[in-house]
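Inside the fold
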Amino acid sequence: MSKKVLVTGGAGYIGSHTIVELSKAGYKPVILDDFRNSDESVLKGLRGIIGRDIELLKGDVSNTALIQSYLRKEAVCGIIHFAANKAVGESVEKPLLYYQNNVEGLVSILKAASEEQNIPFVFSSSCTVYGEPKGQKEVSEQTAKTIPTSPYGFTKWLGEQIIEDLFHSNNQLRLMSLRYFNPIGAHESALIGELPIGKPNNLLPFITQTAAGIHEKLKIFGADYPTVDGTCVRDYIHVVDLAEAHVKALEFLLKQQSGCHEVVNIGTGKGSSVLEVVHAFEKVNNMALNYEFAPNRPGDVIEIYANVDYAEALLGWQAKRSINDAVRDAWRWEQSIRAKE
Ligand code: WQD
């Protein structure tokens, strides 16, 4: 069996960390990326960790012909599809960009994976498909999905539906959607990590950039929510744990003798508030972070974290790293970026 795995968006944050874990597990990852939302410097970081160049197919995931011609030439044992835009706020400002890239891109790669061959397929979905779980802070795969409030979240909701409908049309396919919670942190080598282009949307890069002096202070959006300390609660998962989950997902699909379609939560099973993350960052990295409380951010879910029983039962996977590991690795990565400036 070929050990080649086509990883769309493989130069991105989660994609690049998954490239490392696939290599460690003996696979030969191939990056499909057009670097619209990532930097080619990632390739150097990957070479530093893995010790060799990673095969690159430079192009747009919506270019079905490019992918089909590659797959006719090269035997590939699996496809992991990350390539998408993922900023909730940006998606509200630019909905057409998100619907075109995220939905068209998914249809394109699914056609390439399923029309001429039956290549096991892992989809990068998101806990945003749950929206604000009505009074149910912990969500399992059985928790009802709600139509997400952002175009980003809706592209993931629709993406899962597309995959489900595809499976109903051909139940020999092997398909899996992984619902990520909040990925944070970086590889321990500090050679790869989250590289937000422009002002970050997410909490951790904003924390590390504030600590690095790029921003004067962190704004904590909301302090009067009905939570442990008034700030929003999320399930923050170390990006390397998330990457390892993708290897487990691929290996599950490769073991199947017939078709399957699975949807799996990938989180730690534990909720942490914004303030708890900030305090962990301060304690682990021995510094005081400059922050202030600001008005609630529209569209924010108050509290959500994963029930991860199914990931353990189906994939034999569970998160191993803590919030402290993640905030330590995130800061080391931030310092390594600044050292190169
Ligand atoms: C987390 C908390 C903010 C920035 C993310 C991704 C999305 C999806 C789900 C994978 C919220 C607060 C943030 C800041 C703050 N992941 N915050 N100050 O909104 O849960 O969505 O996870 O698909 O792609 O965007 O993550 O990091 O933006 O916010 O107070 O400067 O941190 O209000 O409560 P979110 P986030």
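See above for the structure.
A brief look at the structure comes next.

Rules used throughout
Residues numbered from 1 in each chain as written. Predicted model: local features only at pLDDT ≥ 70, side-chain atom pairs only at ≥ 80, totals over all residues. Heavy atoms only, no water. 1 Å grid on protein atoms, 1.4 Å probe; cavity = no way out; pocket = protein on both sides within 12 Å on 5 of 7 lines; lining within 4 Å. Points joined across faces, edges and corners; volume = space filled by probe spheres on them. Helix = DSSP H or I, 4+ residues; strand = E, 2+ residues; numbered from the N terminus. Nonpolar A, V, L, I, M, F, W, Y, C, P; charged D, E, K, R; others polar. Pairing = 2+ DSSP bridges. Axes fitted to C-alpha atoms, helices over the stretch in contact; angles between N-to-C directions. Contact = heavy atoms within 4.5 Å. Near = heavy atom within 4 Å. Polar contact = N/O pair within 3.5 Å; in protein donor to acceptor, adjacent residues only side chain to side chain. Areas by Shrake-Rupley, 256 points an atom, 1.4 Å probe, with all protein chains shown as cover. Buried < 20%, exposed > 50% of the residue type's maximum accessible area, 1.4 Å probe, protein only. Parallel < 35°, antiparallel > 145°, perpendicular 65-115°, else oblique. Left-handed = near helix turned anticlockwise from the far one by under 90°.

1. Some thoughts on empty space enclosed by the protein
Scanning all chains against the criterion turns up two cavities of 30 Å³ or more. Within this model, the largest cavity holds a volume of roughly 110 Å³. Sorting the residues of the lining of the largest cavity by element identifies helix H7 (203–211) and helix H11 (323–340) as the ones contributing at least two each. Considering every element that reaches the lining of the largest cavity, the biggest residue donor is H11, with five residues. Taken together, the residues of the lining of the largest cavity break down into eight nonpolar, three polar and three charged. Forming the walls of the second largest cavity are His-81, Phe-82, Ala-83, Ala-84, Asn-102, Leu-106, Phe-123, Ser-124, Thr-155 and Lys-156. Sorting the residues of the lining of the second largest cavity by element identifies helix H5 (95–114), strand S5 (121–126) and helix H6 (151–169) as the ones contributing at least two each.

2. So, the sheet that holds strand S3 (residues 55–58)
Overall, parallel pairing links the seven strands, which are arranged S3-S2-S1-S4-S5-S7-S12 in an open sheet. Taken across any chain shown, the strands that pair with only one partner, and hence form the sheet edges, are S3 and strand S12 (260–266). Sheet twist, expressed as the mean angle between neighbouring strand axes with direction ignored, is 20°. The sheet contacts of helix H3 (residues 64–73) involve strand S1 (4–8), strand S2 (28–33), S3 and strand S4 (78–81), and relative to S3 the element is tilted by about 145°.

3. Notes on the site of the ligand
Inspection of the region around the ligand gives 20 residues, with Tyr-152, Lys-219, Arg-234, Arg-297 and Asp-300 positioned closest. Take Tyr-152: an N or O atom from its side chain is 2.5 Å from an oxygen atom of the ligand. With respect to the ligand, the backbone of Lys-219 contributes an N or O atom lying 2.8 Å from a nitrogen atom. Protein coverage of the free-state accessible area of the ligand, which is 690 Å², stands at 93%. Mapped by element, the contributors of at least two residues to the shell around the ligand are H7 and strand S9 (218–221).

4. Quick notes on the pairing of S4
Where burial is concerned, the two faces of S4 agree: the one with Gly-78 and Ile-80 and the one with Ile-79 and His-81 are both buried. With four bridges joining them, S1 and S4 adopt parallel strand pairing. Residue pairing across strands places Leu-6 opposite Ile-79, the latter belonging to S4. Alignment of S4 against S5, held across three bridges, turns out to be parallel.

5. Looking at the layout of surface pockets
Here the second largest pocket defines a volume of roughly 200 Å³. In terms of lining residues, the second largest pocket is bounded by Asp-39, Ser-41, Val-42, Lys-44, Gly-45, Leu-191, Leu-195, Trp-333, Ile-337 and Lys-340. Among the elements that make up the lining of the second largest pocket, the one with the highest residue count is helix H2 (residues 41–50) (four residues). Across the lining of the second largest pocket, the residue classes break down as five nonpolar, two polar and three charged.

6. Some thoughts on the packing of H3 against H5
The N-to-C vectors of H3 and H5 enclose an angle of 25°; their axes lie 9 Å apart at closest approach. With respect to H5, the element H3 is oriented roughly parallel. In this structure, H3 meets H5 at a crossing whose hand is right-handed. Residues Thr-64, Ile-67, Gln-68 and Leu-71 of H3 touch H5, and the partners they reach there are Ser-108, Ile-109, Lys-111 and Ala-112. Across the contact of H3 with H5, the residue classes tally to four nonpolar, three polar and one charged.

That is the geometry; function is a separate question.
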